[in-house]
Amino acid sequence: MARILIIRFSALGDVAMTVPVIHSLAVQYPQHEITVLSRSVWQPLFQELPENVSFVGADLTGKHKGFWGLNSLYSELKAMQFDYVADFHHVLRSRYLCLRFWLANVPVASICKGRAGKQKLVRRHHKVMENQKSSFRRYADVLEKLGLPVLLNFSFIYGEGKGNFAEIEPVTGPKGSQKWIGIAPFAKHTGKIYPLELQEQVVAHFAADPTVKVFLFGGGKKEQEVFDTWIAKYPSIVSMIGKLNMCTELNLMSHLDVMLSMDSANMHLASLVNIPVVSIWGATHPYAGFMGWKQLPINTVQLDLPCRPCSVYGQKPCWRRDYACLKNITPEQVIEKIEAIVG
């Protein structure tokens, strides 16, 4: 038996993308104990994993903050006597922890982010439009460096089934014969967000259809204000802000018929529960390796422009200043993709 530590802090979407890899590892190496180190708030993502997977939450804004906090975290981890350390993040914090383990003669391997290939994809001139290795594959490569090759054969968090409907029915009501559509209209960066006035036209279209129920996913004050405005106009739609925790939100997603999402965390959450995602891509591109688990390219909505992709993560300002990659997508294009799935 070996003890394996896997480190991935960062944003929800990136952490969600570790789940298929860690699940595959746990099933294929049942004799080993696997510990995931991440931000405490992401722990629910790992609740449905096999019994040989445990979770350690890092308090990066509290007791594990800064240099002394990292030393404290290392001391806690050292006491757990790991045999291998897999760094799925390779940032200053994880590199420091890995250095400490390496100095203690623990085998360590880190992710190769493939920056050169991604840079060629997003540069302004002479782009090389090559599909980069997915994050799932990059995570698996780290394990292979440690002598733990993994076949990525994860199905979904609930297997081929769905979450326990009784847990969410008091909030959602019965499903009946309606088609359930999830809409997650936001992302961290402007370069990833389909303009809200165009998204509203998509919402309005489905809100007018009595055979459909629309659930809005998001969080935060600004998003709440947008949802409140939409609900006032289209009373049949339902905002899920503040109504569910992460576990029950995943459960609800498993009962959707389709999710409309940006290149953001909700694409990855819906992917983990076996739901087709219609994903909208603006400044970013699926070729950068961040497509949701088992999602089909045919369900993406994107425009062929010579300037895109211009950014791996969507944070760079549009050099054209008009975000044509998003604004020129018509609501009809999005509606058509969703209707092709829900029928």
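- The name given to the chain in an unreviewed UniProt entry is Glycosyltransferase family 9 protein, with Bacteroides finegoldii as the source organism.

**Here's the deal with the overall build of the chain**
Now for step 1: A count of helices and strands for the chain gives 13 helices and 11 strands.
Now for step 2: Against the globule reference of 20 Å for 343 residues, the chain gives a C-alpha radius of gyration of 21 Å, in line with a compact fold.
Now for step 3: Seen through its C-alpha atoms, the chain measures out along the principal axes to roughly 60 × 55 × 35 Å.
Now for step 4: Residues classed as buried in the chain amount to 55% of the 343 residues present.
Now for step 5: Nonlocal contacts in the chain, meaning residues at least 24 apart in sequence, comprise 67% of its contacts between residues at least 6 apart.
Now for step 6: When the accessible surface of the chain is split by element, carbon and sulfur atoms take 54% of a total near 15500 Å².
Now for step 7: Charge separation in the chain, taken as the distance between the mean sites of 37 positive and 28 negative side-chain charges, equals 10 Å.

**Brief notes about the sheet that holds strand 5 (residues 108–110)**
Now for step 1: The parallel open sheet is built from 5 strands, whose spatial order is 3-2-1-4-5. This sheet does not close on itself; its edge strands, each paired only once, are strand 3 (53–58) and strand 5. Taken pair by pair, the neighbouring strands of this sheet meet at an average axis angle of 20°, ignoring direction.
Now for step 2: Pairing of strand 1 (residues 3–7) with strand 4 (residues 84–87) involves 4 bridges; the strand directions are parallel. Counterpart to L5 in the pairing with strand 4 is V85.

**Describing a nonpolar patch on the surface**
Now for step 1: Taken together, the side chains of L99, W102 and L103 make up a nonpolar region of the molecular surface, amounting to roughly 350 Å² of accessible area.
Now for step 2: Considering the arrangement of structural elements, one finds W102 in helix 4 (residues 92–103).
Now for step 3: Look at W102 and you get exposed, because its relative accessible area is 55%.

**Let's talk about the packing of helix 3 (residues 66–78) against helix 4**
Now for step 1: Where helix 3 contacts helix 4, the two axes come as close as 10 Å, and the packing angle between them is 50°. As far as their axial angle goes, helix 4 and helix 3 are oblique. Considering how the two elements wind past one another, helix 3 and helix 4 form a crossing that is right-handed. Where helix 3 abuts helix 4, its residues F67, L70, N71, L73, Y74, L77 and K78 lie against R93, Y96, L97, R100 and F101.
Now for step 2: Among the residues making up the contact of helix 3 with helix 4, the classes are represented as 8 nonpolar, 1 polar and 3 charged.

**Focus on the packing of helix 10 (residues 246–254) against helix 11 (residues 265–272)**
Now for step 1: Remark: helix 10 packs on helix 11, axes separated minimally by 8 Å, with the N-to-C direction vectors making an angle of 70°. In this view, helix 10 runs roughly perpendicular relative to helix 11, as classed from their interaxial angle. For the crossing formed where helix 10 meets helix 11, the hand is right-handed. In this structure, helix 10 contributes E249, L250 and M253 to the contact, and helix 11 contributes N266, L269 and A270.

**Looking at helix 5 (residues 115–122)**
Now for step 1: Those residues of helix 5 lying buried are K118, L121 and V122. One side of helix 5 holds all its buried residues, which, seen down the axis, span an arc of 85°.
Now for step 2: Buried positions along helix 5 lie against helix 6 (135–145).

**Some remarks on the pattern of salt bridges**
Now for step 1: This model, assessed by the stated rule, comprises 11 salt bridges.
Now for step 2: R8 serves as the salt-bridge partner of D14, at 3.7 Å between the closest nitrogen and oxygen.
Now for step 3: Residues joined by salt bridges that share partners form a network here, namely K133, R137, D141 and E144.

How each quantity is defined
- Residues numbered from 1 in each chain as written.
- Predicted model: local features only at pLDDT ≥ 70, side-chain atom pairs only at ≥ 80, totals over all residues.
- Heavy atoms only, no water.
- Helix = DSSP H or I, 4+ residues; strand = E, 2+ residues; numbered from the N terminus.
- Rg over C-alpha atoms; globule rule 2.2 N^0.38 Å.
- Buried < 20%, exposed > 50% of the residue type's maximum accessible area, 1.4 Å probe, protein only.
- Contact = heavy atoms within 4.5 Å.
- Areas by Shrake-Rupley, 256 points an atom, 1.4 Å probe, with all protein chains shown as cover.
- Lys, Arg positive; Asp, Glu negative; His and termini not counted.
- Charge placed at Lys NZ, Arg CZ, Asp CG, Glu CD.
- Pairing = 2+ DSSP bridges.
- Axes fitted to C-alpha atoms, helices over the stretch in contact; angles between N-to-C directions.
- Patch = residues over 30% accessible without salt bridge, like charges linked within 9 Å, V, L, I, M, F, W, Y side chains within 5 Å.
- Salt bridge = Lys/Arg side-chain N within 4 Å of Asp/Glu carboxyl O.
- Parallel < 35°, antiparallel > 145°, perpendicular 65-115°, else oblique.
- Left-handed = near helix turned anticlockwise from the far one by under 90°.
- Nonpolar A, V, L, I, M, F, W, Y, C, P; charged D, E, K, R; others polar.
- Arc of directions from axis to C-beta.

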